[in-house]
Amino acid sequence: MAKKKNIKSDDIISFYMDYVLEHNTQPKTVYAFAKANNFEEQKFYEFFGSFEAIEKHVFKAFFQNSIDVLEKSEDYNSFDARNKLLSFYFTFFENLTANRSYVKYALEKHKNSMKGLASLAELKHAFTTYIEHLGIELIDIKQEQIDRIQRRGLKETAWLQLLLTMKFWMDDTSKGFEKTDIFIEKSVNTSFDVLNVAPVRSLIDLGKFLIKEKMHMN
């Protein structure tokens with residue numbers, strides 16, 4: 001049988017996901033994997049250096065597919081940061097649900113220690129970059145070092161929140177994962193309520209006013 005010629009990275013990812021779900025383990029070698037799926041071994045290395053590289057790319061692909069869908073929506077592009085993040089969550093978890101068997105295979109045994117998991121490294125980079133450019137308002141301290149700490153803390157907190165939501169979803173047995181939808185809405189809204197800078201800014205302005213008035217009175 002002639003070997004498949006027009007192999008793309010998405011094809012290899014699909015072959016890999018099917019293999020591990022059928023065999024509950026990685027293929028023994030790239031040669032055997034390519035032979036089983038009727039394509040030349042060299043085509044694998046055009047896209048990936050190892051099976052571990054595929055596993056990292058899978059979760060980034062779930063992220064990118066979600067972003068691609070969202071950016072085609074006029075509504076999404078008009079949303080504020082809070083509603084953009086909510087939309088991302090719902091779309092991302094729809095993607096995870098469509099691939100739930102693979103996600104559970106890849107993460108189930110690590111679900112209590114996902115923070116530094118290698119297979120999520122590319123997802124973390126993509127997601128935290130997304131958070132960085134989402135336009136979430138923070139308190140303007142007028143000090144570069146503190147501002148950097150704030151923004152780094154925001155990205156790490158957002159990443160931990162995503163991991164916590166993934167763990168909740170993996171354990172969710174409700175119909176249509178409706179409990180995960182509720183969890184997403186409550187956790188994202190709570191995060192933005194905590195980050196709401198308007199009351200803090202008002203307090204800072206009040207403090208400045210009182211200090212100024214006290215100086216005048218003295």
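The structure displayed is predicted, hence computed values, not measured ones. (Residues numbered from 1 in each chain as written. Predicted model: local features only at pLDDT ≥ 70, side-chain atom pairs only at ≥ 80, totals over all residues. Heavy atoms only, no water.)

K.L.:
Any details on the confidence of the model for the protein? Residues and values, ideally.
P.N.:
Looking at the protein as a whole, its pLDDT mean stands at 84, while 80% of the residues score no less than 70. Predicted confidence for residues 197-204 stays below pLDDT 50, and this span has seven contacts to residues more than four positions away or in other chains. Segment residues 206-210 is flagged for pLDDT under 50; beyond a separation of four residues in sequence, or across chains, it makes zero contacts in the model. (pLDDT = per-residue confidence, 0-100. Contact = heavy atoms within 4.5 Å.)

K.L.:
Describe the pattern of salt bridges, and please don't skip the residues or the numbers.
P.N.:
All told, the structure shown has seven salt bridges when counted by the stated rule. In this structure, E108 and K104 form a salt bridge, with 3.6 Å as the shortest nitrogen-oxygen distance. A salt bridge links K155 to E132, with the shortest nitrogen-to-oxygen separation between them at 3.7 Å. Of this pair, K155 sits in helix α9 (residues 144-171) while E132 sits in helix α8 (residues 121-132), placing them 23 residues apart in sequence. With relative accessibility at 23%, the residue K155 sits in the partly exposed group. A single salt-bridge network, built from bridges that share partners, covers K104, E108, K111, K167 and D171. (Salt bridge = Lys/Arg side-chain N within 4 Å of Asp/Glu carboxyl O. Helix = DSSP H or I, 4+ residues; strand = E, 2+ residues; numbered from the N terminus. Buried < 20%, exposed > 50% of the residue type's maximum accessible area, 1.4 Å probe, protein only.)

K.L.:
Please provide a residue-by-residue account of the packing of aromatic side chains, values included.
P.N.:
For the coordinates displayed, the defined rule picks out 25 aromatic pairs. Their ring planes at 80° and their centres at 6.1 Å tell us that F88 and Y89 sit as a pair that is edge-to-face. Y89 matches F88 in its accessibility class, with the two residues each being buried. A centroid spacing of 6.1 Å and a plane angle of 50° characterise the contact between W169 and F177, whose relative ring orientation is tilted. W169 gets classed as buried once you look at its relative accessible area, which sits at 1%. One aromatic cluster in this structure is built from F63, F88, Y89, F92, F93, F127, Y130, W159, W169 and F177. In this structure, K84 is placed above the aromatic ring of Y76, and the distance from its NZ or CZ to the ring centre is 5.5 Å. The positively charged end of R100 is found above the aromatic ring belonging to W169, 4.6 Å away from the centroid. (Phe/Tyr/Trp six-rings, centres within 6.5 Å; stacked < 30°, edge-to-face > 60°. Lys NZ or Arg CZ within 6 Å of the ring centre and 35° of its normal.)

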